[in-house]
Amino acid sequence: MATLRSKSDQEIRELLDEYEIKHGPIVDTTRPLYEKKLKEAMAKDKKVTKPSSDKTFYREEQEEVTYVTYRTPVISEVPSGDGKPYMRSRPEYSERDFVDDKLYSRSRPEYSSGRQYVDEPHVYNTPSYSSYSKPMPVVKAGGVVVKEEITESSGKLVPLWIQLLVFLIVAGFLYFIFINMESVESNPFNRIQ
Amino acid sequence: MSTTSQKHRDFVGEPMGDKPVTALSGIGEVLGNKLEEQGFDRAFVVLGQYLLLRKDGELFTEWLKDTSGANTRNATSCSQCLREWCDSFL
């Protein structure tokens, strides 16, 4: 992208039309304004097209998208044996990294088993998939997309670092509570005897 | 009409002639000086800029904020002032 300054008036005019920005004649006094608007439009455009291009690039990690879709109902396996799903989460989690070839065949079972413990190890998943910059689970290779967005945090949205900070504070707080729960793994029904 | 200031009503009520830029609604001394520094020393010059921007209120507001450091309220007020003036006299 050549600097806007060096473009001729005609080119600026064409760019403005391309981005459908209403404009008048390009004159000394109006040019800086239009350059600014073009810059904003380009930055916004770049941000919008980036995630979709990553879609095809990071196919293998499609697995992990299903894992993190946090709209899975929390009701699933909570009452029965909190211990087991929790223990399993560790090996399952590392297992995930190997899954290269058998993606599609495994995706089904993985998804259903993923449901069981999505609610607990929130603390595991979320740090690596800090998809908080985009509202919906557009997690495709969350790491890479987020990195790019950090470099071009737009002026209009809440700055990314603030979001990350808030997220870390909340996560830390929850973790702290979690740690203090004591013997979460053991059967909570013990006392009633 | 009750939401507009006296300054606004004074301006849109008659041809602007050679009125200074501070006669515009929303433009006080500070903003007026900034504009004059840029060469916009009369109201009609600012009108000229407004017309160049095709009388687009949003564009003009943005331009005014960038050029003079006006806040949104003042810029919008000026924009509206010019628009009404144009409606009557242009």
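These numbers were taken from a predicted model, which means no experiment stands behind them. (Residues numbered from 1 in each chain as written. Chains lettered and ligands numbered in written order. Predicted model: local features only at pLDDT ≥ 70, side-chain atom pairs only at ≥ 80, totals over all residues. Heavy atoms only, no water.)

*Asks:* What is the right way to read the overall build of chain B from this model?
*Replies:* Across its full length, chain B holds five helices and zero strands. Across chain B, helices and strands are ordered from the amino to the carboxyl terminus as α-α-α-α-α. With 90 residues in all, chain B has 43% of them scored as buried. Taking all contacts inside chain B whose residues are at least 6 apart in sequence as the whole, residues at least 24 apart take part in 53%. Summed over its atoms, the accessible surface of chain B is roughly 4800 Å², and 48% of this surface lies on carbon and sulfur atoms. (Helix = DSSP H or I, 4+ residues; strand = E, 2+ residues; numbered from the N terminus. Buried < 20%, exposed > 50% of the residue type's maximum accessible area, 1.4 Å probe, protein only. Contact = heavy atoms within 4.5 Å. Areas by Shrake-Rupley, 256 points an atom, 1.4 Å probe, with all protein chains shown as cover.)

*Asks:* Please explain helix H4 (residues 57-68) of chain B as it appears in this structure.
*Replies:* In an α-helix, one turn spans 3.6 residues; hence positions three or four apart end up facing the same way. Between its first and last C-alpha, H4(B) extends 16 Å over 12 residues, near the 16 Å set by a 1.5 Å rise per residue. Within the sequence span of H4(B), burial applies to B:Leu59, B:Phe60, B:Thr61, B:Glu62, B:Trp63, B:Leu64, B:Thr67 and B:Ser68. (Expected span 1.5 Å × (residues − 1).)

*Asks:* Can you walk me through the packing of H4(B) against helix H5 (residues 72-89) of chain B in this structure?
*Replies:* Residues and elements named next belong to chain B. Axis separation between H4 and H5 bottoms out at 9 Å; the angle between their running directions is 130 degrees. With respect to each other, H4 and H5 are oriented oblique. The way H4 lies across H5 gives a crossing that is right-handed. Contacts from Gly57, Phe60, Thr61, Leu64 and Lys65 of H4 reach H5 at Thr72, Ala75, Thr76, Cys78, Ser79 and Leu82. In terms of residue class, the contact of H4 with H5 is built from five nonpolar, five polar and one charged. (Axes fitted to C-alpha atoms, helices over the stretch in contact; angles between N-to-C directions. Parallel < 35°, antiparallel > 145°, perpendicular 65-115°, else oblique. Left-handed = near helix turned anticlockwise from the far one by under 90°. Nonpolar A, V, L, I, M, F, W, Y, C, P; charged D, E, K, R; others polar.)

*Asks:* Please clarify how the nonpolar core should be interpreted in this entry.
*Replies:* General note: in soluble globular proteins, nonpolar side chains tend to be found buried as a group. Membership of the largest hydrophobic core comes to 37 residues, with the highest contact counts inside it found for B:Phe11, B:Leu24, B:Phe60, B:Trp63, B:Leu64 and B:Leu82. Every element with two or more residues in this core is listed here: helix H1 (9-18) and helix H2 (31-57) of chain A together with helix H1 (6-12), helix H2 (29-37), helix H3 (43-52), H4 and H5 of chain B. The element that contributes the greatest number of residues to this core is H5(B), accounting for six residues. Apart from residues no more than four positions distant in its own chain, B:Leu64 is found in contact with B:Ile27, B:Leu35, B:Gly69, B:Ala70, B:Ala75 and B:Cys78. (Core = buried A, V, L, I, M, F, W, Y, C linked by side-chain atoms within 4.5 Å.)

*Asks:* Would you mind going over the UniProt feature "transmembrane region" (unreviewed entry) in chain A with me for this structure?
*Replies:* Summarizing the sequence annotation, UniProt attributes the feature "transmembrane region" (unreviewed entry) to residues 157-178 of chain A in the numbering used throughout. Its end C-alpha atoms 32 Å apart, residues 157-178 of chain A is made of 86% helix and 0% strand. (UniProt positions renumbered as here; feature names shortened; annotations may be inferred.)

*Asks:* Looking at this structure, how should I read the pattern of salt bridges?
*Replies:* Side-chain pairs of opposite charge can arise whenever the charged atoms involved come near each other. Going through the model one piece at a time under the given rule, you end up with eight salt bridges over all chains. One salt bridge connects B:Asp56 with A:Lys22, and the closest N-O pair in it is separated by 3.5 Å. With B:Asp56 in the loop between H3 and H4 and A:Lys22 in the loop between H1 and H2, this residue pair bridges two chains. The closest approach of N and O atoms between A:Lys36 and B:Glu62, which form a salt bridge, is 3.2 Å. You can see A:Lys36 sitting in helix H2 and its partner B:Glu62 sitting in helix H4, one on each of two chains. Exposure remark for A:Lys36: the relative accessible area of 26% places this residue in the partly exposed category. (Salt bridge = Lys/Arg side-chain N within 4 Å of Asp/Glu carboxyl O.)

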